[in-house]
Amino acid sequence: MTSPYVPAEALILDRIQESKSIFTLRLQLTDPVRREAFRFEPGQFNMLYLYGVGEIPISISSDPHDPETLGHTIRAVGRISQGLSTLEPGQRLGIRGPYGRPWPLQAAEGHDVLVVTGGLGCAPVVAVINYVLLRREHYGRLIIIQGVKHSEDLIWRDRYAYWSTLPNTQVLLASDHGGPIWPWHVGRVTDVFDDARINPDHCFAMMCGPEGMMRAGIKNLTQRGVPEDHIYLSMERNMQCAVGHCGHCQYGASFLCRQGPIYAYPAIKPLFRTRGF
Amino acid sequence: MADAVPGFLPRAALQHLIDALIAAGYRCLGPQERDGAILYDRLTSVTQLPLGRHDRQAPGHYRLEASADPRWFAWANGPQALKPLLFAPTEPLWKVTREADGVMHFSEQAVPAEPTAVIGVRACDLAALALQDAHFMAPPHADAHYMARRANLFLVAVNCTHPADTCFCVSTGDGPNATTGYDIDLSELEDGFLIQAGSDEGRQILASLPLVPASTRQIALAQSQTDKAIAAQSRSLPGHNLRAALFANLEHPRWQEVADRCLSCGNCTSVCPTCFCSSHNEVPDLSGTSSEHVREWSSCFTLDHSYMHGYVVRPDTRTRYRQWLTHKLGSWHEQYGRSGCVGCGRCVSWCPAGIDITEEATAICGGGQHD
């Protein structure tokens, strides 16, 4: 019987510095059989293994139409992610996955898609944005809302600017603290919901970011009439095994690695208001 | 299924059971006194068994006492259950070697497969084993290490006749008698054992033993011991399913009160036969050419357990104790169809602060009996 814990070797094809602390690794499994068999959906994640140091869960930010090249956008913040940030093209690491449940992109077909993110650029929902843009005719309006603390925290400025020029696409940005080159809203991210052309009966909201931001976002959206079961959240917890054994990612009765990390809001609503789970 | 009429194995013939298991190729483990507690260790002779030992247990208290009792199993339980035999406290899962050019080779750790027989398993521990089975053997990601050890395990249960003051298996429905999940079940009487097989492997071993049919008197004696063991238990949980009651009381002041006493040491999770949390740690070789990925038991009472890039979800003991109890007695029902507590009382005895799970659950869930 094969152990679910053993990674496979992957080669770094490319490394892109997205901001001072955020970088993207494009990876390819070195074993051709595994590489061809690999399939994933946006929102799923891999465990990335840094030789001699350990593993961390990182969502796959590239498009599933090319499952042989796996993009992972990472913020260098901890022991392992800082180590990963020093790797260069041609070097190797370990991968196992994909794990977790994806965003409801099939269910959302024919609907508007509202993407709400907070914090330092949220890779899991960038996969959603790119997915929708590549299959534009399957979806209605795409509304991208991003909140940051400080104006200089915004990464992918060019992309937001580009997305805002696309037809049927709306980009709304907010920063708690503005700056000299911040043409967008200064204030809370929920403030800009007023400007979003949301059709509450006909949209799927997909949120990722700090839980406080998501709580405020849910409150705002449900007040506007968006049904709770059309609001999806990407959750985050400590994760060691990714197969539901190690217990670290438990959230009430669910294991984030198996029943998450993407949840329909009603599935976690009873606990979501309480801190400490 | 157990056989209908038990056999009787005279006390002097218990050695035959050990010999039969060893002859059948099993590494035999049984209860022995070690450092003032009863632990499972390699067993080849009945002389190693804890003859006449009783255990006195209370919140934060465990002591063995000698007596003239001729019995070997006149105690409730020690700090171990079956858990360490299947879900190892620490074990490498895989290894990676790295060549000079950076190419890595991952290799799975060989799974241990030594047939092991354990004598003296309690009903509470069999119930806990069933829960660990459900956790570690569920597809699609069954744990190969656990599965291999489980497939090679032969269990000799001994019905519990001397529950400790901390025991509450009657309240959880898991004891004091073993009813399922064993290969052989024993009831200890003064002059010997009622013995029954619960599996084909068990029947094969029984066939080699010098058994006589148990008498009606012996069967009645065993039943009266069980009745006494049931009556002796004074602790209980306020219901089988406390999920709704616990989650309705997440802001109960008792969480803080218990946190003021709790040391957050994790002893309860170590001795708990159902707790399954582990951390994965990397142990690189000094030469830099290889590294081992090691799994170790971990506890939801530690800071690390809920750590995420600079942020801790459960920074205080209140939220950690709440996490443990709401999981153990609450969300376990949704995960595995029953409570995660089997009433063994170990967390009560081995808590250095003497915190009693039955008392805390009762205080938090409010008065009255729940489902």
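So, here is what we can say about the structure in this document. (Residues numbered from 1 in each chain as written. Chains lettered and ligands numbered in written order. Predicted model: local features only at pLDDT ≥ 70, side-chain atom pairs only at ≥ 80, totals over all residues. Heavy atoms only, no water.)

## So, the overall build of chain B
Then, in step 1: Summing up its helical and strand segments, chain B has 13 helices and 16 strands in all.
Then, in step 2: The C-alpha atoms of chain B give 22 Å as radius of gyration, which agrees with the globular expectation for 371 residues (21 Å, within 12%).
Then, in step 3: Viewed in the frame of its principal axes, chain B has a C-alpha envelope of about 65 × 60 × 35 Å.
Then, in step 4: Within chain B, the proportion of its 371 residues that are buried is 56%. (Helix = DSSP H or I, 4+ residues; strand = E, 2+ residues; numbered from the N terminus. Rg over C-alpha atoms; globule rule 2.2 N^0.38 Å. Buried < 20%, exposed > 50% of the residue type's maximum accessible area, 1.4 Å probe, protein only.)

## Quick notes on the interface of chain B and chain A
Then, in step 1: Chain B puts 50 residues into the contact, and the matching count from chain A is 41 residues.
Then, in step 2: Across the interface of chain B and chain A, roughly 3900 Å² is buried in total on both sides, 59% from carbon and sulfur atoms.
Then, in step 3: Among the residues of chain B in contact with chain A, B:Met104, B:Phe106 and B:His141 are the three that bury the most area, contributing 16% of the side total.
Then, in step 4: Where chain B touches chain A, the interface holds zero salt bridges.
Then, in step 5: The tally of links from chain B across to chain A stands at 24 residue pairs in polar contact (both at pLDDT 80 or more).
Then, in step 6: Elements represented by at least two residues in the side of chain B that touches chain A include exactly strand 6 (90-98), strand 7 (104-108), helix 3 (123-136), helix 4 (144-151), strand 13 (278-284), strand 14 (290-297), strand 15 (307-308) and helix 11 (317-336) of chain B.
Then, in step 7: Counting residues per element, the side of chain B that touches chain A draws most heavily on helix 11 of chain B, at nine residues.
Then, in step 8: Residue composition of the side of chain B that touches chain A, grouped by class: 19 nonpolar, 21 polar and 10 charged. (Contact = heavy atoms within 4.5 Å. Buried area = accessible area lost by both parts, 1.4 Å probe. Salt bridge = Lys/Arg side-chain N within 4 Å of Asp/Glu carboxyl O. Polar contact = N/O pair within 3.5 Å; in protein donor to acceptor, adjacent residues only side chain to side chain. Nonpolar A, V, L, I, M, F, W, Y, C, P; charged D, E, K, R; others polar.)

## With respect to the sheet that holds strand 3 (residues 37-42) of chain B
Residues and elements named next belong to chain B.
Then, in step 1: In spatial order, the strands read 3-2-8-9-10-11-1-12; together these eight strands make up an open sheet with mixed pairing. Where the open sheet ends on each side, the last strands, each with one partner, are strand 3 and strand 12 (212-213).
Then, in step 2: The pairing of strand 2 (residues 27-34) with strand 8 (residues 116-121) spans three bridges and is classified as parallel. When the bridges of strand 8 are listed, cysteine 28 appears paired with alanine 117. (Pairing = 2+ DSSP bridges.)

## Thoughts on the pattern of salt bridges
Pairing between side chains becomes possible if they bear opposite charge and their charged atoms approach one another.
All names here are of chain B.
Then, in step 1: The tally for this structure, following the rule as stated, stands at 33 salt bridges over all chains.
Then, in step 2: Salt-bridge contacts for glutamate 33 lead to arginine 53; the nearest nitrogen and oxygen are separated by 2.5 Å. Of this pair, glutamate 33 sits in strand 2 while arginine 53 is found in the loop between strand 3 and strand 4 (54-58), placing the two residues 20 residues apart along the sequence.
Then, in step 3: Since its relative accessible area comes to 24%, arginine 53 is described here as partly exposed.
Then, in step 4: Of the charged contacts, one joins arginine 254 and glutamate 360 as a salt bridge, the two residues approaching to 2.7 Å between their closest N and O atoms. Of this pair, arginine 254 sits in helix 9 (residues 254-261) while glutamate 360 sits in helix 13 (residues 357-365), placing them 106 residues apart in sequence.
Then, in step 5: By relative accessible area, glutamate 360 is classed as buried at 0%.
Then, in step 6: One continuous salt-bridge network, built from bridges that share partners, spans Arg254, Glu257, Arg261, Glu359 and Glu360.

## Some thoughts on unusual backbone geometry
Then, in step 1: Between A:Gly260 and A:Pro261 the backbone carries a cis peptide bond, its omega angle lying at 0°.
Then, in step 2: Considering the arrangement of structural elements, one finds A:Pro261 in the loop between helix 6 (256-259) and strand 15 (262-264).
Then, in step 3: In this structure, the amide linkage connecting B:Gly175 to the following residue, B:Pro176, adopts the cis form with an omega of 5°.
Then, in step 4: Even without glycine at this site, A:Asn168 takes up a positive phi of about 60°.

## Remarks on the sheet that holds strand 7 (residues 112-118) of chain A
All names here are of chain A.
Then, in step 1: Across the sheet, seven strands lie side by side as 10-9-8-7-11-12-15; this open sheet has mixed pairing. On the outer flanks of this sheet lie strand 10 (185-186) and strand 15, each paired with one strand and no other.
Then, in step 2: Helix-sheet contacts for helix 3 (residues 123-134) involve strand 7, strand 8 (142-150), strand 9 (169-177), strand 11 (203-208) and strand 12 (231-234), and the interaxial angle to strand 7 is about 155°.
Then, in step 3: Helix 7 (residues 265-272) rests against strand 12 and strand 15 of the sheet, and its axis sits at about 90° to strand 15. (Axes fitted to C-alpha atoms, helices over the stretch in contact; angles between N-to-C directions.)

## Some thoughts on helix 3 of chain A
Then, in step 1: An ideal rise of 1.5 Å per residue puts 16 Å on 12 residues; helix 3 of chain A measures up with 17 Å between its terminal C-alpha atoms.
Then, in step 2: All buried positions along helix 3 of chain A are accounted for by A:Ala123, A:Pro124, A:Val125, A:Val126, A:Ala127, A:Val128, A:Ile129, A:Tyr131 and A:Val132. (Expected span 1.5 Å × (residues − 1).)

## Focus on the packing of aromatic side chains
How two aromatic rings sit relative to each other is set out by the distance from centre to centre and by the angle between their planes.
Then, in step 1: Taken as a whole and judged by the stated rule, the model has 25 aromatic pairs over all chains.
Then, in step 2: Ring geometry for A:Tyr160 against A:Trp163: centres 5.2 Å apart, planes inclined by 80°, an arrangement best described as edge-to-face. Of this pair, A:Tyr160 and A:Trp163 both sit in helix 4 (residues 157-165), separated by three residues, roughly a single helical turn. Across the pair, A:Trp163 and A:Tyr160 agree in class, each one buried.
Then, in step 3: Clustering of aromatic rings is evident, with ring pairs tying together A:Phe255, B:Phe276, B:Trp332 and B:Tyr336.
Then, in step 4: Its guanidinium or amino end placed over the ring of A:Phe255, A:Arg258 lies 5.9 Å from that ring's centre, counting from NZ or CZ.
Then, in step 5: The ring centre of B:Trp72 lies 4.9 Å from the NZ or CZ of B:Arg11, which sits over that ring. (Phe/Tyr/Trp six-rings, centres within 6.5 Å; stacked < 30°, edge-to-face > 60°. Lys NZ or Arg CZ within 6 Å of the ring centre and 35° of its normal.)

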